[in-house]
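Structural description and commentary
Spelled out from the first residue to the last, the chains are:
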Amino acid sequence: MSDNILLNLGDEPRFNEIQTADIKPVVQTAITEAREAVAAVKAQSEITWANTVERLTDITERVGRIWGVVAHLNSVVNTPELRAVYNELMPEVTVFFTEIGQDIALYERFKTIKQSAEFDKLTSAQQTKLAHDLRDFVLSGAELPSEKQAELAALQTEGAQLGAQFSQNVLDATDAFALYFDSADALEGIPEDSLAMFAAAAEAEGKTGYKVGLQMPHYLAVMQYADNRELREQIYRAYTTRASELSNDGKFDNTANITRTLEISLQAAQLLGFANYAELSLSTKMADTPEQVLAFLHNLAARAKPFAEKDLAEVKAFAADKLGLAEPQPWDLTYAGEKLREAKYAFSETEVKKYFPVGKVLAGLFSQINKLYGVNFIEKTVPAWHKDVRYFELEKDNRLIGGVYMDLYARKGKRGGAWMNDYKGRRRILSGENAGQLQTPTAYLVCNFTPPVAGREARLNHDEIITLFHETGHSLHHLLTQVEELGVSGINGVEWDAVELPSQFMENFVWEYDVLAGMSAHEESGGTLPRALFDKMVAAKNYQRGMFMVRQMEFALFDMLIHSERDAGRLKNWQQVLDDVRREVAVIRPPEYNRFAQSFGHIFAGGYSAGYYSYAWAEVLSADAYAAFEESNDVKATGQKFWQEILAVGGSRSAAESFKAFRGREPSIDALLRHSGFDNAA
């Protein structure tokens, strides 16, 4: 057992050697050893940073890293066997970390360090980490009586299990759906590359013809391009009823999961002395109160709604006049919107996509990062979890900074969406055989782009390029940190409503011609993106931006309102809350059967509970940060300042302080309104 790969994870895991059968004994062994090590920490009479805080970091990092690898694999190469062991072990892992957070002896040792003469000798990053740790002890229930601690621990364990089940239900409901077609007659209007994707999906099952599923590349291809209206409605209905009582005979229904998750969240918050879960969530964020967040969201929704109404009226008129759709339905609007875009701006997404092979896009992305920060990406061959995964090391002046795995394409058994997670963070190791060494960070970057088919290189549409830049921004936040305390290096310790700042900031560069041209090569001519086509894209940049913004406000308001509920008896009315929000802000009213909430993984399984507003909140910061580049004549110098004041410091100081250090002032919403086209009357 001692030589098992999971117990001896190195700089990069040997994924090819990880066996599902080994996971349970390895995780249990790691937890047992960790408990013994924690007991040894508490048995020491002397209390210092090194023998308490640093040692506990060693202990929890080992367990966290092992479990992180297991959780990552469960997300990207899900199998029944892996899922079973993951679900079996999750309560044990949750209990272990809950025990640490509630350990009054550890809490007292940390408080002793805070009150000792040693505290003044700690670095600012160490002092910040200690402050976060003390706060987290309290939020974990360390100050509660033992019976309340047990109640909180049980709630946290059940909540973790419900979150995992929520994600698995969405994945299973997505993978369970398929339509098969012998010919392409019913798929008229869908681009050739998407048809090839459908054909490859059928071939993978030993079938001829075409298979259409609900993975995002499949769904968007139908909704955006399919002339067959019945097919669009069929796919729309299947997608919007996933993981509900209306699909798969209710086998994967998340309805009860949502209600119970909300009940657990409220109970946990009230045990800790908060009125509701939103107050608990905001206790570690930039925003101060739920009321402040709700005012921000209502204000932004009010500003955007006139533009959204104008967007909708325009697409409805076009659908009626040009497409014969007198009363366009939700499953018509994406299709009609694409046709209107083509007519209004004289280009299509299909035309743009032909210019962006994934290899050129990655090279252009890396080139832009080099211009900003002077770092290089070098591809290395390392064991990975799938043949499509690529691994890159970041270096500057021949010095290793960190590494990133890129898993870009959608496939069966892989959770939908796009995200960045980390394998390990930057830290200076102070003891043991590696004492004095610097541990460099490693990130996972995961997307669900249209996969390559028929031996042809994958090509990305502009939205996919934006997503790639977004997730790379998260990765850079993690990789370019210069803090050496694990708890506040990289993304660790950063307020959740500021964590989207570096990611949304990176999206702006996808609207610069030199950047896009540098990553383009037409699939037939090899030519770069024409300036005239780019100008059309820019003209269309805020096309239907109003509808997009009110949709985001719908999600964020729903999230904040249900988590602001103080009365447990009213928690079952979450669908009514969503309906009320839609009446206020939405311009498109979905059909009665729409079950959006049952697949809203961000807030019910993805860590954004009472935090979905973060996207809009951080977009104010990111737009204002990018405005500094618009105002500057020296991109390199501005990039270096952004690195040093935002990325490098991680969570070692507040996001508000970091932003002010970069911009020299408080953030302003003006840049966001200007970039969104909302600074003019609708």
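Residues numbered from 1 in each chain as written. Predicted model: local features only at pLDDT ≥ 70, side-chain atom pairs only at ≥ 80, totals over all residues. Heavy atoms only, no water.

The next subject is the overall build of the chain. When its secondary structure is counted, the chain shows 26 helices and nine strands. Taken over the C-alpha trace, the chain has a radius of gyration of 25 Å; the compact-globule value for 682 residues is 26 Å, and the two agree within 12%. Burial status across the chain gives 57% buried among its 682 residues. Partitioning the contacts of the chain with sequence separation of at least 6, the portion at a separation of at least 24 is 74%. Of the roughly 27,900 Å² of accessible surface on the chain, 49% is carried by carbon and sulfur atoms. Between the centroid of the 70 positive side chains of the chain and the centroid of its 95 negative side chains there is a distance of 2 Å. (Helix = DSSP H or I, 4+ residues; strand = E, 2+ residues; numbered from the N terminus. Rg over C-alpha atoms; globule rule 2.2 N^0.38 Å. Buried < 20%, exposed > 50% of the residue type's maximum accessible area, 1.4 Å probe, protein only. Contact = heavy atoms within 4.5 Å. Areas by Shrake-Rupley, 256 points an atom, 1.4 Å probe, with all protein chains shown as cover. Lys, Arg positive; Asp, Glu negative; His and termini not counted. Charge placed at Lys NZ, Arg CZ, Asp CG, Glu CD.)

To continue, consider the packing of helix α2 (residues 49–76) against helix α3 (residues 80–102). A pair of packed helices is characterised by two quantities: the angle between their axes and the separation of those axes. The N-to-C vectors of α2 and α3 enclose an angle of 155°; their axes lie 11 Å apart at closest approach. The angle between α2 and α3 falls in the class roughly antiparallel. The two elements α2 and α3 cross, and the hand of that crossing is left-handed. Here Leu56, Thr60, Val63, Gly64, Trp67, Val70, Ala71, Leu73 and Asn74 of α2 lie close against α3, whose contacting residues are Leu82, Arg83, Tyr86, Leu89, Met90, Val93, Phe96, Phe97 and Ile100. (Axes fitted to C-alpha atoms, helices over the stretch in contact; angles between N-to-C directions. Parallel < 35°, antiparallel > 145°, perpendicular 65-115°, else oblique. Left-handed = near helix turned anticlockwise from the far one by under 90°.)

By size, the foremost hydrophobic cluster in this structure holds 131 residues, and its most contacted members are Tyr373 and Leu408. Per element, the largest residue contribution to this core is 13 residues, and it comes from helix α12 (residues 290–322). Discounting residues that sit within four places of it in the chain, Leu408 has contacts with Val358, Leu362, Lys414, Leu445, Cys447, Asn448, Phe449 and Leu468. If you look at the next biggest cluster of nonpolar residues, it comprises 53 residues, including Ile23, Val76, Trp385 and Trp419. (Core = buried A, V, L, I, M, F, W, Y, C linked by side-chain atoms within 4.5 Å.)

All right, on to the sheet that holds strand β9 (residues 442–449) then. One open sheet holds the five strands; their spatial order is β3-β4-β5-β9-β6, and the pairing between them is mixed. The strands lining the two open edges of the sheet, one partner per strand, are β3 (376–380) and β6 (419–424). Going from strand to strand, the sheet's axes swing by 30° on average, the running direction of each strand aside. Looking at chain direction, strand β4 (residues 390–396) and strand β5 (residues 399–409) are connected through seven bridges and run antiparallel. Bridge assignment links Lys396 to a residue of β5, and that residue is Arg399. Against the sheet, α2 engages β5, β6 and β9, with an angle of about 145° to β6. Along the sheet, helix α16 (residues 462–479) makes contact with β3, β4, β5, β6 and β9, crossing β9 at roughly 170°. (Pairing = 2+ DSSP bridges.)

Right, let's get into the pairing of β5. Counted residue by residue, β5 has nine buried out of eleven residues, so it is predominantly covered. Connecting β4 to the next strand, β5, in antiparallel fashion are two residues, including Asp397 with a positive phi near 55°.

So, on to the pattern of salt bridges. Enumeration according to the criterion identifies 49 salt bridges in this entry. Notably, a salt bridge pairs Arg663 with Asp624, separated by 3.2 Å at the nearest N-O pair. A residue pair is termed long-range when its members are at least 10 positions apart, and Arg663 in helix α25 (residues 655–663) and Asp624 in helix α23 (residues 614–631) qualify at 39 residues. Taking the relative accessible area as the measure of exposure, Arg663 reaches 14% and is therefore buried. Through salt bridges with shared partners, a single ionic network connects Glu54, Arg55, Asp58, Glu61, Arg65 and Arg427. (Salt bridge = Lys/Arg side-chain N within 4 Å of Asp/Glu carboxyl O.)

Take the environment of Val649 next. Its place among the elements puts Val649 in the loop between α24 (635–647) and α25. On the accessibility criterion, Val649 (13% relative accessible area) is buried. With 169 residues separating them in the primary sequence, Val649 and Leu480 have C-alpha atoms 9.0 Å apart. Discounting residues that sit within four places of it in the chain, Val649 has contacts with Val483, Val488, Gln644 and Ser658.

Before going further, it helps to spend a moment on α23. The terminal C-alpha atoms of α23 lie 26 Å apart, and with 18 residues this matches the ideal 26 Å at 1.5 Å per residue to within 8%. Where burial is concerned, most of α23 is hidden: 16 out of the 18 residues are buried. (Expected span 1.5 Å × (residues − 1).)

Here we come to the environment of Val38. Note on placement: Val38 falls in helix α1 (residues 20–43). The spacing of Val38 and Thr350 is 312 residues in sequence and 57 Å in space, taken between C-alpha atoms.

Another point: the packing of aromatic side chains. This model, assessed by the stated rule, comprises 39 aromatic pairs. An aromatic cluster is defined as three or more aromatic residues linked by ring pairs; in this entry it consists of Trp496, Phe555, Phe596, Phe600, Tyr608, Tyr612 and Tyr615. Over the ring of Tyr593 we find Arg237; its NZ or CZ atom is 3.8 Å from the centre of that ring. One cation-aromatic arrangement involves Arg242 over Tyr239; the distance from NZ or CZ to the ring centre is 3.9 Å. (Phe/Tyr/Trp six-rings, centres within 6.5 Å; stacked < 30°, edge-to-face > 60°. Lys NZ or Arg CZ within 6 Å of the ring centre and 35° of its normal.)

Let us now look at the side chain of Arg341. With respect to the helices, strands and loops of the structure, Arg341 is situated in helix α13 (residues 330–345). Look at Arg341 and you get buried, because its relative accessible area is 15%. A polar side-chain atom of Arg341 sits 3.2 Å from a polar atom in the side chain of Glu338. Leave out the neighbours within four places in its chain, and Arg341 touches Ala346, Phe347, Glu349 and Tyr543. (Polar contact = N/O pair within 3.5 Å; in protein donor to acceptor, adjacent residues only side chain to side chain.)

Over its 16 residues, α13 runs 23 Å from end to end, which matches the ideal 22 Å to within 8%, given 1.5 Å per residue. When α13 is considered as a whole, its buried residues turn out to be Pro330, Trp331, Asp332, Leu333, Tyr335, Ala336, Gly337, Glu338, Leu340, Arg341 and Tyr345. The inward-facing, buried residues of α13 contact α8 (216–225), α9 (229–240), α12, α14 (349–353) and α19 (531–539). Taken from the residues just after α13, Ala346 is the one with a positive phi, measuring 60°.

The subject of this paragraph is the environment of Leu139. Within the element layout of this structure, Leu139 appears in helix α5 (residues 124–139). Its relative accessible area of 18% is what places Leu139 among the buried residues. Linking Leu139 and Leu272, residues 133 residues apart in sequence, is a C-alpha distance of 6.7 Å. Residues contacting Leu139, with those up to four places away along its chain left out, are Leu152, Leu272, Phe274, Leu280, Ser283 and Thr284.

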